[in-house]
Amino acid sequence: MSEKIERVKTLILGSGPAGYTAAIYAARADLKPIMYTGMEPGGQLTTTTEVDNFPGYPEGIDGPTMMVQLQQQAERFGTEVRIGMATAVDFSNEVGGIHKVTIDDSIVIEAETVIISTGATAKYLNIPSEQRLRGGGVSACAVCDGFFYKGQDVAIVGGGDTAAEEASYLANICNKVTMLVRKDFMRASKAMQHRVNSLPNIDLRYNSEVDEVLGEQVVEGLRIVNNKTGEKEEIPITGFFVAIGHKPNTEIFKGQLEMDETGYLITPGKSTKTSRPGVFASGDVQDKEYRQAVTAAGTGCMAALDAERYLATIETPQEVS
């Protein structure tokens, strides 16, 4: 069975804040963008109940509604949003070259420019009670959701810099933070460890793992197990934060684009340019520092502007058979 081939000026992979913002700017620049949503249309915000820290929403907004509105805004300017996932890529090394992206193993898109906004996926413990209560008190972003637990008792799991930073953030707004570290030491830098240890309302527990998140509709507590002694303990909490890392959705780009040791795409300096001319990356797929909707949207804008400027510097490629 022959594959269907389609030529486009700008192809956008991914549909979170970065992808939709890139689409808005690209469409307004008459780049006629085609967007494929990927496996999780709308990205990580579709699993977030309330978004209070995105500018322009004084009363807050729930994540799925925000993503629908961003899609509507992108479509208003001419973006064609399609359901589908990239399953293979063949990026050109040449300036002005054509990039080939296979969608769902059946459609080949030949694109003059590609904007990658495939995001990153938060790592979870993958215990049933944790998955069931996601959005009901279980979160992978303390900066995003910590405000909702102001003055309450919460817990966070993780031992790296991100966990230490988020525990410190929570300690400033919550009554008590129980921090669970699986090993008998933290992987965080010494500076971050000192910060955690200096905060009196952080209860740091080593050799501790989560046995179960307690609660039917919302988080009501946590059952902890000491992995040295086997002793179990239940603590009352209303919020549970997982800070054990993120995995960038870049598996398909290995061997095609430069990435760091953890899989994040490398975009040098303030640019969104990748190692292939005409291919740009925005959002959490290249940002492991901030991982916020507003910063993702900002890099989506940058990627569209970079794509527009790139196209302005090259001649229109000849059609290929």
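Our subject is the structure listed above.
Since the structure is predicted, the reported quantities are computational estimates derived from the model, not experimental observations.

The next point concerns the environment of glycine 84. Along the polypeptide, glycine 84 turns up in the loop between β3 (80-82) and β4 (86-90). Along the sequence, glycine 84 and isoleucine 103 sit 19 residues apart, while their C-alpha atoms lie 6.3 Å from each other. Beyond its immediate stretch of four places on either side in the chain, glycine 84 contacts Tyr36, Thr37, Gly38, Ile103 and Asp104.

Taken together, the side chains of Lys123, Arg182, Lys183 and Arg187 present a region of like positive charge at the surface. Within the element layout of this structure, arginine 187 appears in the loop between β10 (176-180) and α6 (190-198).

On to the nonpolar core, then. Residues Tyr20, Met66 and Ile115 are the most contacted members of the largest nonpolar core, which totals 27 residues. Elements supplying a minimum of two residues to this core: α1 (17-28), α2 (63-76) and α7 (293-312). Per-element tally for this core: the top contributor is α7, with seven residues. Apart from residues no more than four positions distant in its own chain, methionine 66 is found in contact with Leu45, Val51, Phe54, Tyr57 and Ile61. Judged by nonpolar contacts, the second largest core, of 21 residues, contains Ile156, Met186, Met192 and Ala243.

Here we take up the packing of helix α5 (residues 161-173) against α6. Two numbers describe how α5 lies on α6: the axes approach to 9 Å, and their chain directions differ by 30 degrees. Overall, the two elements α5 and α6 adopt an arrangement that is roughly parallel. In the packing of α5 onto α6, the handedness of the crossing is left-handed. Listed contacts from α6 to Asp161, Ala164, Glu165 and Ser168 of α5 are Met192, Arg195 and Val196.

Further remarks concern the pairing of strand β15 (residues 239-242). Within a regular beta strand, the side chains point alternately toward one face of the sheet and then the other, so they alternate between its two faces. The alternating pattern of β15 places Gly239 and Phe241 on one face and Phe240 and Val242 on the opposite face, and all of these are buried. One ladder, built from two bridges, connects strand β8 (residues 138-139) with β15; its direction is parallel. Bridge pairing in β15 links serine 139 to phenylalanine 241. The pairing of strand β9 (residues 153-157) with β15 spans four bridges and is classified as parallel. Paired with isoleucine 156 across the bridge in β15 is phenylalanine 241.

For the rest of this paragraph, the subject is the side chain of threonine 250. For threonine 250, the location among the structural elements is in the loop between β16 (246-248) and β17 (279-281). The residues contacting threonine 250, other than those within four sequence positions of it, are Met259, Gly263, Leu265 and Val285.

For aspartate 105, which is not glycine, the phi dihedral falls at a positive 60 degrees. Of note, aspartate 105 is situated in the loop between β5 (99-103) and β6 (107-116). The backbone of asparagine 207 sits at a positive phi, close to 50 degrees, despite the residue not being glycine. Mapped onto the elements, asparagine 207 comes out in the loop between β11 (202-205) and β12 (208-214). Residue asparagine 207 is classed as buried on the basis of its relative accessible area, which comes to 14%.

Below, the discussion takes up the state of the cysteines. The bond known as a disulfide is covalent and runs between the sulfur atoms of two cysteines. If you walk through the whole model with that rule in mind, you get one disulfide. Through a disulfide, cysteine 141 is tied to cysteine 144; the S-S separation comes to 2.1 Å. Note on the cysteine 141 and cysteine 144 pair: the S-S dihedral is about 70 degrees, so by sign convention the disulfide is right-handed. What makes cysteine 141 buried here is its relative accessible area of 14%. Residue cysteine 174 stays outside any disulfide, its sulfur separated by 13 Å from that of cysteine 141, the closest cysteine. With relative accessibility at 6%, the residue cysteine 174 sits in the buried group.

Quick notes on the rules
Residues numbered from 1 in each chain as written. Predicted model: local features only at pLDDT ≥ 70, side-chain atom pairs only at ≥ 80, totals over all residues. Heavy atoms only, no water. Helix = DSSP H or I, 4+ residues; strand = E, 2+ residues; numbered from the N terminus. Contact = heavy atoms within 4.5 Å. Patch = residues over 30% accessible without salt bridge, like charges linked within 9 Å, V, L, I, M, F, W, Y side chains within 5 Å. Areas by Shrake-Rupley, 256 points an atom, 1.4 Å probe, with all protein chains shown as cover. Salt bridge = Lys/Arg side-chain N within 4 Å of Asp/Glu carboxyl O. Lys, Arg positive; Asp, Glu negative; His and termini not counted. Charge placed at Lys NZ, Arg CZ, Asp CG, Glu CD. Core = buried A, V, L, I, M, F, W, Y, C linked by side-chain atoms within 4.5 Å. Buried < 20%, exposed > 50% of the residue type's maximum accessible area, 1.4 Å probe, protein only. Axes fitted to C-alpha atoms, helices over the stretch in contact; angles between N-to-C directions. Parallel < 35°, antiparallel > 145°, perpendicular 65-115°, else oblique. Left-handed = near helix turned anticlockwise from the far one by under 90°. Pairing = 2+ DSSP bridges. Disulfide = S-S within 2.5 Å.

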